[in-house]
Amino acid sequence: MTSTSICSFLRLRTLSEPKSLFNSSGSHSIATKNTNNHTYQTNLQNPLISPIWSVTEIAESVNGKILKWGPPGTICTDTRDLKPGKNQWFFAVTGEHLDGHDFISPELYSKGCVGVVGNRVCDNWDKGFVHVEGNDNVNSINSLINMACYARNNRFNGVLVGVTGSVGKSTTKRMIALSLENLGINVFESYGNWNNRIGVALSLIGIDRNVDIAVLEMGMSGKGEILELARMAKPQIRVVLNVGSSHLESLTNLEEVAMAKGEIFWDAKSGDVCILNGDDPVVTSLPVPHGVRKVLFGQQMGCDVRLVAAENTDGGLGVRVVLEKGKEMVDFVIPSPGLHLSLNACAAATVATLFGVSLAQVGISLSKFVPVHMRSELQVARNGIRIVNDAYNANPISTRAAIDLLKSIACDGIRVAILGDMLELGSSEIEFHEKILSYCCDCRIGLVGLAGKSFLTAAENLNLIKADNIIHADDAEILARKIVKRVKFNDVVLVKGSRVMKMEKVVNAIKAMNIHIPSQELRR
């Protein structure tokens, strides 16, 4: 779809399907005004509130048999998410460690379950049951993916935006959805980091029929995974943000990582749009199918949407961004720390302007940006300590950017970097940890807390393990007990690490500290 046809498509949908302030799917509505002073509503769909599926649709989508009829309802894959009074079908997925079928019992009736989709049910089950052949992990997940493909092909008629990259997927996805608020339409964004095959499948299943634009992120750890997600989601707009040192356990070098990310472009067809980071030569070298429009964003001259300037403001708590497209330019401030947000904003603006959103409108929208939870999220504890909670995940690129963020924030005490091991880095793992630790030293970070074996080895190799400003522990929980003895109320603390390290334990420990704050500080 070209930008002209995208705008025409959305205009036709908007005219034919009037939107109400609040719709039955539980979306949140944002009132906006366009340049003609007409008030529109943009509904940000809640992906945790799935649309209604009939039993016949469920059976058709999973190639199953209706053994017991049940009423229409939403789809749920976790019995803990069942809610009394709401008709919900439990899709029993067999995972590597847990089998959803083991949680099926008549007790689910009182929790709102009206039926089961799966291989089997318990004795005395008298609610709906759509039987799916097979009894293993592969068949179970394939059935879920079949339902997702059915949803994409038969239930969603809007435009789908797919976003991938080594860093910044969730943030850019959030910014894209926010930038589209001026269109007066229903916009869906996938929940959290639902970016693997199950997450993308659940996202597609959860898109309401009245959604005009859906924004999904796509992640991977090896070859072929992005291709599968792209074939499932069939995005008309495909975005590659960047390529960095991640997933090197299964991919041997940066070029292989790039090719794996570039799989999102493989099945693009005439009319689709492929958006690439013009500052990243590895990304710009990715092949785009003949006849598919290629759009660039970045700082380089020649980019379709250009990041003209980016600088820290408000003592490092905000980022001033200047964007340019053709003869149009906008200057605005993102009220969140981290210069890396400027390029995310540039990517989001590139997507939004394809739908006819002006750069001025993008600037207004992104001036209200709030960070995604545990991604460069600035939190001020009751004890006065400022925490940059970036604990969701980590790789060398994002960790270095986080250290730059910490360095940019004005601080009356000391700057503290609390870092957990970065995983999936293959044979170069220790080298990457050494580089990050050296960068902390170069940036004169006042106190560095390290959790994990890789950072321990890196500190030993650099002869830093006995340094006064280096603290190490085997895991986040032990490190937290050490850190709380060293930080003070006027410090700024960065917490970051790979997901498995659970570095949020350190965040919670710091928040729980009972620190005496001098009276003169309270009067500030």
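Keep in mind that this is a model prediction, so the values were computed, not measured. (Residues numbered from 1 in each chain as written. Predicted model: local features only at pLDDT ≥ 70, side-chain atom pairs only at ≥ 80, totals over all residues. Heavy atoms only, no water.)

This paragraph deals with the overall build of the chain. Assigned secondary structure in the chain consists of 17 helices and 22 strands. Here the chain holds 524 residues, and the buried ones make up 56% of them. By sequence separation, contacts in the chain at least 24 residues apart represent 64% of the contacts at least 6 residues apart. Total accessible area computed for the chain in this model is approximately 22400 Å², and 51% of it derives from carbon and sulfur atoms. (Helix = DSSP H or I, 4+ residues; strand = E, 2+ residues; numbered from the N terminus. Buried < 20%, exposed > 50% of the residue type's maximum accessible area, 1.4 Å probe, protein only. Contact = heavy atoms within 4.5 Å. Areas by Shrake-Rupley, 256 points an atom, 1.4 Å probe, with all protein chains shown as cover.)

On to unusual backbone geometry. A positive phi is found at Arg 444, a non-glycine position, where the angle reads about 55°. The topology assignment puts Arg 444 in the loop between α13 (429-442) and β20 (447-451). The class of Arg 444 is exposed, set by a relative accessible area of 73%. Within the chain, Asn 463 stands out as a residue other than glycine whose phi angle is a positive 55°. In this fold, Asn 463 is placed in the loop between α14 (453-461) and β21 (470-473).

What follows covers the packing of aromatic side chains. This model, assessed by the stated rule, comprises three aromatic pairs. Each ring, one from Trp 53 and one from Tyr 150, has its centre 6.0 Å from the other, and the planes form 40°; the classification is tilted. One end of the pair, Trp 53, is in the loop between β2 (39-45) and α2 (55-62); the other, Tyr 150, is in helix α3 (residues 137-154), with 97 residues separating them in the sequence. Ring geometry for Tyr 191 against Trp 194: centres 5.3 Å apart, planes inclined by 75°, an arrangement best described as edge-to-face. (Phe/Tyr/Trp six-rings, centres within 6.5 Å; stacked < 30°, edge-to-face > 60°.)

Turning our attention to the sheet that holds strand β18 (residues 386-390). The six strands lie next to each other as β17-β18-β22-β19-β20-β21, forming an open sheet whose pairing is mixed. Among the strands making up the open sheet, the edge pair consists of β17 (377-380) and β21. Across this sheet, the average inter-strand angle for adjacent strands is 15°, counted without regard to direction. As paired elements, strand β19 (residues 415-420) and strand β22 (residues 492-496) share five bridges and run parallel to each other. Looking across to β22, one finds that Ile 418 is bridged to Val 495. Together, β18, β19 and β22 form the strand contacts of helix α12 (residues 396-408), whose direction differs from that of β22 by roughly 170°. Sitting on the sheet, helix α15 (residues 476-483) touches β19, β20 and β21, and the angle it makes with β21 is about 145°. (Pairing = 2+ DSSP bridges. Axes fitted to C-alpha atoms, helices over the stretch in contact; angles between N-to-C directions.)

The subject of this paragraph is the pairing of strand β8 (residues 159-164). Taken across its six residues, β8 has six buried, putting it largely inside the fold. Inspection of the sheet shows β8 paired to strand β10 (residues 213-217) by five bridges, in the parallel sense. Directly across from Leu 160, in β10, lies its bridge partner Ala 214.

It is worth spelling out the side chain of Glu 217 at this point. In this structure, Glu 217 sits in strand β10. The exposure class of Glu 217 is buried, given its relative accessible area of 1%. At a separation of 3.1 Å, a polar atom in the side chain of Glu 217 contacts the side chain of Lys 173. A polar side-chain atom of Glu 217 sits 2.9 Å from a polar atom in the side chain of Asn 195. (Polar contact = N/O pair within 3.5 Å; in protein donor to acceptor, adjacent residues only side chain to side chain.)

Moving on to the confidence of the model for the chain. In the predicted model, the chain carries a mean pLDDT of 89, and 88% of its residues have values of at least 70. Within the model, the stretch residues 11-48 combines pLDDT values under 50 with 87 contacts to residues more than four positions away or in other chains. (pLDDT = per-residue confidence, 0-100.)

Here we come to the sheet that holds strand β7 (residues 128-131). Read across the sheet, five strands follow the order β3-β7-β6-β5-β4 without closing on themselves; strand pairing throughout is mixed. Each having just a single partner strand, β3 (65-68) and β4 (74-76) make up the two edges of the open sheet. Each neighbouring strand pair of the sheet contributes to a mean axis angle of 25°, computed without reference to strand direction. As judged from the three bridges shared by β4 and strand β5 (residues 88-91), these two strands associate in the parallel manner.

Close approach of charged atoms allows side chains with opposite charge to pair. Under the counting rule described, the total for this entry stands at 21 salt bridges. Put simply, Arg 197 and Glu 228 hold a salt bridge, and the shortest N to O gap is 2.8 Å. Placement of the pair is Arg 197 in helix α5 (residues 197-205) and Glu 228 in helix α6 (residues 225-233), with a sequence separation of 31 residues. Exposure remark for Glu 228: the relative accessible area of 29% places this residue in the partly exposed category. Here Arg 320 makes a salt bridge to Asp 331, at a shortest N to O gap of 2.6 Å. (Salt bridge = Lys/Arg side-chain N within 4 Å of Asp/Glu carboxyl O.)

What follows is about the side chain of Thr 353. As for its position among the elements, Thr 353 is in helix α10 (residues 341-354). Classification of Thr 353 by relative accessible area gives buried; the value is 10%. Polar contacts involving the side chain of Thr 353 include one to the main-chain carbonyl oxygen of Ala 349, which spans 2.9 Å. Every residue in contact with Thr 353, bar those within four places of it in the chain, is listed here: Val 305, Lys 325 and Leu 359.

Moving on: the packing of α15 against helix α16 (residues 504-511). Two elements in contact, α15 and α16, have axes whose closest approach is 8 Å; the angle formed by their N-to-C orientations is 30°. When the axis of α15 is compared with that of α16, the two are roughly parallel. In this structure, α15 crosses over α16, and the sense of that crossing is right-handed. Contacts between α15 and α16 involve Ala 476, Glu 477, Ala 480 and Ile 483 on the former and, on the latter, Lys 505, Val 506, Ala 509 and Ile 510. Grouping the constituent residues of the contact of α15 with α16 by class yields six nonpolar, no polar and two charged. (Parallel < 35°, antiparallel > 145°, perpendicular 65-115°, else oblique. Left-handed = near helix turned anticlockwise from the far one by under 90°. Nonpolar A, V, L, I, M, F, W, Y, C, P; charged D, E, K, R; others polar.)

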